[in-house]
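# Analysis of the macromolecular model
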Amino acid sequence: MRGPDLLLLACCLCSLGSLGGASDMERDLLKKVFTNYNLKVRPARVPEERVVVRVGMILSSFVGLNMKNEEMSTVVVMNLEWTDHRLTWKPKDHDGIEVLRIPAGKVWLPDIVLINNNDGVFDVALHVHVQAYSNGRVTWTPPALYLSSCGVKVTYFPFDWQNCTMQFRSYTYDSTEIELQYARDVNGNEIREIQLDEAFSESGEWYIRHKPSRKNMNVDRYEDMTFYLIIERKPLYYIINIIIPCILITIIAIFNFYLPPDAGEKMGLSINVLLTLTVFLLLLADKIPETSLGVPIIVNYIMFTMILVTFSVILSVVVLNLHHRSPNTHLMPMWVRKIFIHMLPPYLGMLRPKVETPLSLDTLPRREKRMVAISKVADEYFIRKPDSSILFPKPNRFQSEGMCSDLRKFIDGPSSYLTLPDELKSAIEAITYIAEALQAEKDYEALREDWQYVAMVVDRMFLWIFVVFTTVGTLAIFADASFNHTPTDPFKSP
């Protein structure tokens, strides 16, 4: 063999020898350390001594909060540390070995578990090796996927914040046997909050506002370390997909009052809007928990909108009823005419092209009462008085009736004047009857238009009332959510 080949072979043999030596040294050290070691015995020198266990947590991923089941999913790495005086050695006697990595099943563990789990899994996901140092310090950093219970407050959903906790304690040892303390950093300072992993990515639905930890003493003498995650929801998804569509649907429901009754779609539009809101309510029912402790703001708004739309359906029926009334079936009371024809239209921005002044039947002469009996509007209290000057004009507006040749006196019967021939009298009576019939038809149409105009005024009045109620109600409901801020002090009651 050549010289370089021999040198390479020698180096390989030396490295294998050194590896074998290191392995042998660790094997001998483990054999020495675990001589007479009992993993079921608490590592205390005397029975009265309490074993100090430091508990910390590193958050790797916030999976999410299931509001329906009221449970929080997280991926964490637990940071546990304690002192086991049985696992000590002098590094100089064992080739400078400072740390041993030992399977978790071979050493004593403080059995720190998640008490408020929601799936019955108390333990960690993977029992990784513990690290035992020459001075007896033992560290264990197992990863875990926890599903913890989290009581959800739905009052301000989707503008809410939640306080979710993870409560850890020893399942076996009480406060007389172990003492829980906060974990420490490399500088020896206590870590009183959840640490974030370097690869941690923020959730698309939640902000993490506070992540403190606190040690608690329970009445059963068990200590626990509670980690708090105070999270605030990002409401953009619900604003875009639920709130804005509901507001647009409400606007459509309001403009139902601007739709003419003759269009024939007033009732259909209102009912379609009501069904659409019902669909939105069913979609929300799958996201919020089934609780009676509070009603979410968004559900309050949808219910408020549904009430308005229900009233719009009822009021549309009223408007359609007014629109299709006629003088043959309904009398128009004086207060209806006074309020909805003469008083309200100017305030609602409605000006009628032609307004006629009604006259009471009590002020009409006897002949006009007979004319009303012939017409179709015999049941109306108000009619338009026909202008008799068309048939019986006066020669001069300033000339008295006694000086003119009034044909009515010849028609009405015996008088001091000469009576007209029967043929002419019959012709004048026929003309008078035709004029009265035309006037009666004109009055019928006018009174029918009055009912339609009243319906328009009522429609416009409801339009403005709904605009005011919807605006004020929407601002009042969502303004309440603006006061729901995440507390600056996580341990202060809101």
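Owing to the predicted nature of the structure, the values given are computational and were not obtained by experimental measurement.

Scoring rules and cut-offs
Residues numbered from 1 in each chain as written. Predicted model: local features only at pLDDT ≥ 70, side-chain atom pairs only at ≥ 80, totals over all residues. Heavy atoms only, no water. Helix = DSSP H or I, 4+ residues; strand = E, 2+ residues; numbered from the N terminus. Buried < 20%, exposed > 50% of the residue type's maximum accessible area, 1.4 Å probe, protein only. Contact = heavy atoms within 4.5 Å. Areas by Shrake-Rupley, 256 points an atom, 1.4 Å probe, with all protein chains shown as cover. Disulfide = S-S within 2.5 Å. Axes fitted to C-alpha atoms, helices over the stretch in contact; angles between N-to-C directions. Parallel < 35°, antiparallel > 145°, perpendicular 65-115°, else oblique. Left-handed = near helix turned anticlockwise from the far one by under 90°. Nonpolar A, V, L, I, M, F, W, Y, C, P; charged D, E, K, R; others polar. Phe/Tyr/Trp six-rings, centres within 6.5 Å; stacked < 30°, edge-to-face > 60°. Lys NZ or Arg CZ within 6 Å of the ring centre and 35° of its normal. Pairing = 2+ DSSP bridges.

## Some words on the overall build of the protein
A tally of regular secondary structure across the protein gives eight helices and 16 strands. Per-residue burial for the protein yields a buried fraction of 39% across its 494 residues. Restricting to contacts in the protein with at least 6 residues of sequence separation, those with at least 24 account for 74%. Roughly 28,400 Å² of accessible area belongs to the protein as shown, and the carbon and sulfur atoms make up 59% of that amount.

## Focus on the state of the cysteines
Such a bond, covalent and formed between the sulfur atoms of two cysteines, is termed a disulfide. Taken as a whole and judged by the stated rule, the model has one disulfide. At a sulfur-sulfur separation of 1.9 Å, the disulfide partner of Cys150 is Cys164. Taking the sign of the S-S torsion, -70 degrees for the link of Cys150 and Cys164, the bridge is left-handed. With Cys150 in the loop between strand E7 (143–149) and strand E8 (161–170) and Cys164 in strand E8, this residue pair connects regions lying 14 residues apart in the sequence. As far as the burial class goes, Cys150 and Cys164 line up, both buried.

## Concerning the packing of helix H2 (residues 236–254) against helix H4 (residues 297–323)
Following both chains from N to C, one finds H2 and H4 inclined at 15 degrees, their axes separated by 10 Å at the closest point. Taken together, the axes of H2 and H4 lie roughly parallel to each other. Here the hand of the crossing between H2 and H4 comes out left-handed. Counting all contacts with H2, which are made through Ile242, Ile243, Cys246, Ile247, Thr250 and Ala253, the residues of H4 involved are Ile298, Tyr301, Ile302, Thr305 and Val309. Partitioned by chemical class, the residues of the contact of H2 with H4 number nine nonpolar, two polar and no charged.

## Notes on the packing of aromatic side chains
By the definition in use, this model includes 13 aromatic pairs. Aromatic pair Phe34 and Tyr37: ring centres 5.1 Å apart, planes at 75 degrees, arrangement edge-to-face. Ring geometry for Phe168 versus Phe227: centroids 5.8 Å apart, planes at 80 degrees, classification edge-to-face. Of this pair, Phe168 sits in strand E8 while Phe227 sits in strand E14 (residues 223–233), and the two are 59 residues apart along the sequence. One aromatic cluster in this structure is built from Trp82, Trp108 and Tyr173. The ring of Tyr207 carries Arg209 above its face, with NZ or CZ at 4.6 Å from the centroid. Across from the ring centre of Tyr207, 4.6 Å away, lies the NZ or CZ of Lys234, which sits over that ring.

## Here we look at the pairing of strand E13 (residues 213–217)
With five bridges joining them, E13 and E14 adopt antiparallel strand pairing. Within E14, the residue paired with Asn216 across the bridge is Asp224. With antiparallel pairing between neighbouring strands as the criterion, E13 and E14 make up a hairpin whose turn holds five residues, including Arg221 at a positive phi of roughly 70 degrees.

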